[in-house]
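Chain by chain, the residues run as shown.
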There are 2 protein chains.
Amino acid sequence: MKLSTKGRYGVAAMYDLALHYGEGPISLKSVAIRQEISEHYLEQLMGTLRKSGYVKSVRGAQGGYALTKEPSQISVGDIIKVMEGPIAPVDCLLTDDTANAYCQRAGDCVTRGVWVKVRDSINGVLDSISLADLCEEEKK
Amino acid sequence: MKLSTKGRYGVAAMYDLALHYGEGPISLKSVAIRQEISEHYLEQLMGTLRKSGYVKSVRGAQGGYALTKEPSQISVGDIIKVMEGPIAPVDCLLTDDTANAYCQRAGDCVTRGVWVKVRDSINGVLDSISLADLCEEEKK
DNA sequence: AATAAAACCTATCGCATTACTCGGATAAGC
DNA sequence: GCTTATCCGAGTAATGCGATAGGTTTTATT
């Protein structure tokens, strides 16, 4: 039950942008240095976030990235889902259908109920925390 | 955020033993067939569960495995932790210490708080469900 | 106009882990 | 002594992760 660095770095980078929200484009390089992430690797991650519409980019000198929405409107769950795909402790949860390709007896599978509860619990936590919440935390 | 098959198969096997609790040793082969798990692979998993004290084994013909405790006394969380190690969405949670080898700024790391909440949430769900609960579910 | 700073893009690659398989050794009931 | 089991250690194919490499385009600044 590990998060990959994609999710972790993604949240760290978005948190960094949230701290500088409203200051114009923030260069990827500065984010990489502050958050201690490989610059080239972070580039790929920012590409994913841009394609998903959470950040916009400005090319050329003095360019960089900025959030497309207010920090309060972006949750940690939004970021994790974009970076890692939907939360699903087991593959059989990837379709809503109880009868699916991953498990024939999904309908009457007892353990499936456990994974559903785990998934919902994780989503509940991740969706309830916004980037603005993290910025608030920082001030203390 | 995926569970490995170790955890999934481990829970499935233990649930199977719980269904047959009190019937004497259950052969690994029969568990493997019912739960659709590779017999040889399940063998390794049962070894882990045995060393952790959750099952006892009887060798030789008519041998097999049985739970060492009542199904109500073993939680899904117990099994997952033995099969997959402690729940820790990120490595920096592997030590309780806020100052640790994984992250220098653990003490004042904002995102760390998110992962702590996720971990606690997962543990809460897994620890609250016992094998007996799963058996109850089956009857419906 | 030249330069430098930045985003953008595609490919590759070592490494670790996962999910097994294989081949036996040991133990116990019949 | 045969069969049915658990026990044990090694090996292995496939996968994904976490980068690295090497470029191209775009744009502000000088």
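Our structure's up above, just so we're on the same page.
Residues numbered from 1 in each chain as written. Chains lettered and ligands numbered in written order. Predicted model: local features only at pLDDT ≥ 70, side-chain atom pairs only at ≥ 80, totals over all residues. Heavy atoms only, no water.

Examining the protein's contact with DNA strand C
Heads up, the rule is: Whether a residue is near a molecule or strand depends on its heavy atoms: if one lies within 4 Å, it is near. Polar contact is the term for a pair of N or O atoms within 3.5 Å; when the atoms are in protein, one must be able to donate a hydrogen and the other to accept it, and sequence-neighboring residues count only if both atoms are side-chain atoms. Polar here means any residue outside two lists: the nonpolar Ala, Val, Leu, Ile, Met, Phe, Trp, Tyr, Cys and Pro, and the charged Asp, Glu, Lys and Arg; Gly therefore counts as polar.
In the neighbourhood of DNA strand C, 24 residues make up the surrounding shell, with Leu28(A), Ser57(A), Tyr65(A), Ser38(B) and Gln44(B) lying closest. Sugar and phosphate atoms form 59% of the subset of DNA strand C atoms that lie within 4 Å of the protein. One of the side-chain N or O atoms of Glu43(A) is found 2.8 Å from a base nitrogen in DNA strand C. For DNA strand C, a base nitrogen lies 3.5 Å from a polar atom in the backbone of Ala61(A). Class assignment for the residues of the surface near DNA strand C results in seven nonpolar, 12 polar and five charged.

Describing the protein's contact with DNA strand D
In plain terms, the rule: Each helix corresponds to a stretch of at least 4 residues labelled H or I by DSSP, and each strand to a stretch of at least 2 residues labelled E; elements are numbered beginning at the N terminus.
Among the 24 residues in the neighbourhood of DNA strand D, the closest are listed as Thr5(A), Gln44(A), Leu28(B), Ser57(B) and Tyr65(B). One nitrogen or oxygen atom from the side chain of His40(A) is found 2.8 Å from a base oxygen belonging to DNA strand D. Between DNA strand D and the protein, one listed contact pairs a phosphate oxygen with a backbone N or O atom of Leu28(B) at 2.5 Å. If you list the elements that add at least two residues to the surface near DNA strand D, you get α1 (5–19) and α3 (39–51) of chain A together with α3 (39–51), β1 (55–58) and β2 (64–67) of chain B.

Some points on the pairing of strand β2 (residues 64–67) of chain A
Inclusion rule: Only strands that DSSP links by at least two bridges are regarded as paired with each other.
Relative to β2(A), strand β1 (residues 55–58) of chain A is paired through four bridges, and the arrangement is antiparallel. Note that in β2(A) the partner of Val55(A) across the bridge is Leu67(A).

Details of the interface of chain A and chain B
To keep things clear, this is the line we draw: Note on contacts: a residue pair qualifies if any of its non-hydrogen atoms lie within 4.5 Å across the two residues. In short, buried area is how much 1.4 Å probe accessible area vanishes from two parts on joining, totalled over both. One side-chain nitrogen of Lys or Arg within 4 Å of one carboxyl oxygen of Asp or Glu is enough to make a salt bridge.
Every contact between the two is made by 33 residues of chain A and, on the other side, 33 residues of chain B. Here chain A and chain B share an interface that buries about 3000 Å² over both sides, 68% of which is from carbon and sulfur atoms. Looking at the side of chain A facing chain B, the largest losses of area belong to Met1(A), Lys2(A) and Val110(A), adding up to 24% of the total buried there. On the surface where chain A and chain B come into contact, there are two salt bridges.

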